[in-house]
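One letter stands for each residue in the lines below.
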Amino acid sequence: MSSLFPALTDGRTDRPALRFGDRSLTYAELGAAAGALAGRLAGGGRVAVWATPTMETAVAVVAALLAGVPAVPLNPKSGEKELGHILSDSAPSLVLAAPGAELPTVVGALERIDVDVRATGAVPEDRADEGDAALIVYTSGTTGPPKGAVISRGAVATTLDALADAWQWTGDDVLVHGLPLFHVHGLVLGVLGPLRRGGSVRHLGRFSPEGVARELNDGATMLFGVPTMYHRIAEALPGDPGLAKALGRARLLVSGSAALPVHDHERIAAATGRRVIERYGMTETLMNTSVRADGEPRAGTVGVPLPGVELRLVEDDGTQITSYDGETVGEIQVRGPNLFTEYLNRPDATAAAFTADGWFRTGDMAVRDPDGYVRIVGRKATDLIKSGGYKIGAGEIENALLEHPGVREAAVTGEPDPDLGERIVAWIVPADPQSPPGLDELADHVAGRLAPHKRPRVVRYLDALPRNDMGKIMKRSLSSHD
């Protein structure tokens, strides 16, 4: 296949490629450093990457891709048990890390290569096939030990080129983000995406609204973030007109990894004149849908399928839902060249993830609007509530609750009910803990915005919602707060 990163060898190598804090590399310097490391990796097996938010992580992954060896990003916040499982499952030959990085014992037992970002070597000729593994990214392990999703080089190229089409993404774009680099959003979209386009990425190291404003004021054109980041931005905007002005300069504000509450959409749009667009993907599928740069940036939706991606909604029995009525809830299934190849060493799990005709079962529940826009209402396992004969998605109730001035954060789950089958439970972090809104007030608020059968029947109050590294609410742990 053609090179994943043509800008490394196209002759315009003085352009900026990577910037982490006050450290930066041009394409020439990136090619030299990654080329030197690739020469040490070529012909070897898989390599683990200690994926800190640093220049070394980006160079390490590019080097592995240039060498044609699969990279296994390791989350530095993972515990030893989880790291031990990932390493025994993926069996990397060595680990790449930043000089001076302290590695846990289980990782430190591997042969180690410190990444030298000032090394010099030639960019090797790309002889890899599009079906060859590029990355093995481990899922979060909510239903057992993490599974290694094998992502091909062709899938990476396909998804990044589809996003280039949807977002009018070019080499002139400068992306700013502060996401971790051990997952698809931060690494594939946030680092490999700009490098494939021949543009540049500026990583904040640690996210802050101040850092975002600084970079957007200094020529950055795009921002990638997760809902917790945009929520912090929305909270900061009323007292920071400079932040609003900086965001207004952005060509594209993109949110992903979880649904961005409509309330935050509206606050950002009102203050900046810019609407955040959302996209939808998973480790196993890379990107499936997005609101297009030239489309309607409608809050609460993840847009339309990307070029090359087939998407359908199905009932529990597998029957395809053909109506685009904005109400009928079904599971999203997808098919296309963006999908992962397999779960490493798990043929059983791989087979179970696909239908007989080759569609991947995402486990996400959604509705489709009449114009084809997809609105995700939650996960099948934790966000689909069957109450009083209705299938109800937790996501739309959460959005409605967040529009109540007395609610700072909200999550919705179902619990067994002898009459309804399941009753709707609202978990609320109140804006004023001394005076939280009551059940009747919240139930009337939701019923007035959605429908009476979607009102919560129980309210439980928390100081904070449990979240993972990506800001996703961990609903399975909510029951422990009962």
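Residues numbered from 1 in each chain as written. Predicted model: local features only at pLDDT ≥ 70, side-chain atom pairs only at ≥ 80, totals over all residues. Heavy atoms only, no water.

*Asks:* Now, about the overall build of the chain: what can you tell me, with residues and values included?
*Replies:* For the chain, the helix and strand inventory stands at 13 helices and 26 strands. What you see for the chain is a C-alpha radius of gyration of 23 Å, in line with the 23 Å of a compact globule of 482 residues. By its C-alpha atoms, the chain is 70 × 55 × 45 Å across when sized along the principal axes. By residue count, 56% of the 482 residues in the chain fall in the buried class. (Helix = DSSP H or I, 4+ residues; strand = E, 2+ residues; numbered from the N terminus. Rg over C-alpha atoms; globule rule 2.2 N^0.38 Å. Buried < 20%, exposed > 50% of the residue type's maximum accessible area, 1.4 Å probe, protein only.)

*Asks:* Give me the pattern of salt bridges: which residues, what numbers.
*Replies:* Within the structure shown, the criterion is met by 33 salt bridges. Between Glu296 and Arg298 there is a salt bridge; the shortest N-O distance is 3.0 Å. Classification of Glu296 by relative accessible area gives partly exposed; the value is 44%. Arg298 is the partner of Asp369 in a salt bridge, and the nearest nitrogen-oxygen pair spans 3.2 Å. Separated by 71 residues along the polypeptide, Asp369 in the loop between β20 (360-368) and β21 (374-379) and Arg298 in the loop between β14 (286-290) and β15 (304-305) bring together distant segments of the chain. (Salt bridge = Lys/Arg side-chain N within 4 Å of Asp/Glu carboxyl O.)

*Asks:* So what's going on with the sheet that holds strand β12 (residues 252-255)? Which residues, and what values?
*Replies:* With mixed pairing, the nine strands of this open sheet are ordered in space as β2-β1-β10-β9-β11-β12-β13-β14-β15. In this open sheet, the two edge strands, each paired with only one partner strand, are β2 (23-26) and β15. Its contacts with the sheet put helix α8 (residues 227-236) on β11 (222-225) and β12, and the angle it makes with β11 is roughly 115°. (Pairing = 2+ DSSP bridges. Contact = heavy atoms within 4.5 Å. Axes fitted to C-alpha atoms, helices over the stretch in contact; angles between N-to-C directions.)

*Asks:* If you had to explain the pairing of strand β23 (residues 390-393) to someone new, which residues and values would you point to?
*Replies:* Bridging between strand β22 (residues 384-387) and β23 involves four bridges; their strand directions are antiparallel. From the neighbouring strand, Ile385 faces β23, where its bridge partner is Ile392. In textbook terms, the turn of a hairpin is the stretch between consecutive antiparallel strands, and for β22 and β23 this stretch comprises two residues, one of which, Gly388, has a positive phi near 60°.

*Asks:* Quick one: what's the story with the environment of Trp167, residue by residue and with numbers?
*Replies:* With respect to the secondary-structure elements, Trp167 resides in helix α5 (residues 153-167). On the accessibility criterion, Trp167 (0% relative accessible area) is buried. Once residues lying within four places of it in the same chain are set aside, the contact partners of Trp167 are Leu189, Met222, Phe224, Arg251, Leu252, Val254, Ile277, Arg279, Ser290, Val291 and Ala293. Of the polar contacts made by the side chain of Trp167, one reaches the side chain of Ser290; its length is 2.8 Å. (Polar contact = N/O pair within 3.5 Å; in protein donor to acceptor, adjacent residues only side chain to side chain.)

*Asks:* Give me helix α7 (residues 209-217): which residues, what numbers.
*Replies:* Along α7, the residues classified as buried are Pro209, Gly211, Val212, Ala213, Glu215 and Leu216. Where α7 is buried, its residues contact β1 (16-20), β9 (174-177), β10 (200-203), β11, α8 and α9 (241-249). Immediately beyond the C-terminal end of α7, within one or two residues, lies Gly219, with a positive phi of roughly 100°.

*Asks:* Report on the sheet that holds strand β17 (residues 320-321), specifying residues and quantitative values.
*Replies:* In space, the five strands of this open sheet follow the order β17-β16-β18-β20-β21, with antiparallel pairing throughout. The open sheet has two free edges, formed respectively by β17 and β21, since each of these has just one partner strand. Bridging between strand β18 (residues 330-335) and β20 involves four bridges; their strand directions are antiparallel. Paired with Gly330 across the two strands is Ala366, which belongs to β20.

*Asks:* Describe in detail the environment of Leu30, supporting the description with residues and values.
*Replies:* In this fold, Leu30 is placed in helix α1 (residues 27-41). Using a relative accessible area of 0% as the deciding quantity, one classes Leu30 as buried. Every residue in contact with Leu30, bar those within four places of it in the chain, is listed here: Leu8, Ala17, Leu18, Leu25, Gly35, Val59 and Leu195.

*Asks:* Describe the packing of aromatic side chains, naming the residues involved and giving the relevant values.
*Replies:* Applying the stated criterion to the full structure yields seven aromatic pairs. Directly above the ring of Tyr27 sits Arg15, whose terminal nitrogen or CZ lies 5.3 Å from the centroid. Over the face of the ring belonging to Tyr373 we find Arg298, whose NZ or CZ atom lies 4.1 Å from the ring centre. (Phe/Tyr/Trp six-rings, centres within 6.5 Å; stacked < 30°, edge-to-face > 60°. Lys NZ or Arg CZ within 6 Å of the ring centre and 35° of its normal.)

*Asks:* Would you mind going over the nonpolar core in detail, with residue names and values included?
*Replies:* Grouped together as the largest cluster of nonpolar side chains are 113 residues, with contacts concentrated most on Leu18, Leu41, Val59, Leu96, Trp167 and Leu192. Top contributing element to this core by residue count: helix α2 (residues 55-67), with 11 residues. (Core = buried A, V, L, I, M, F, W, Y, C linked by side-chain atoms within 4.5 Å.)

*Asks:* Help me get a handle on helix α6 (residues 184-197), residues and values and all.
*Replies:* Between its terminal C-alpha atoms α6 stretches only 17 Å, short of the 20 Å expected from 14 residues at 1.5 Å a residue. The buried fraction of α6 is high, at 13 of 14 residues. Once α6 ends, the next one or two residues include Gly198, with phi positive near 85°. (Expected span 1.5 Å × (residues − 1).)

*Asks:* Can you tell me about the pairing of strand β5 (residues 94-97), naming the residues and giving the values?
*Replies:* Burial along β5 is two-sided: the face carrying Leu94 and Leu96 and the face carrying Val95 and Ala97 are both buried. By the bridge criterion, four bridges tie β5 to strand β6 (residues 111-114) in an arrangement that is parallel. Considered in β6, the bridge of Ala97 is made with Asp114.

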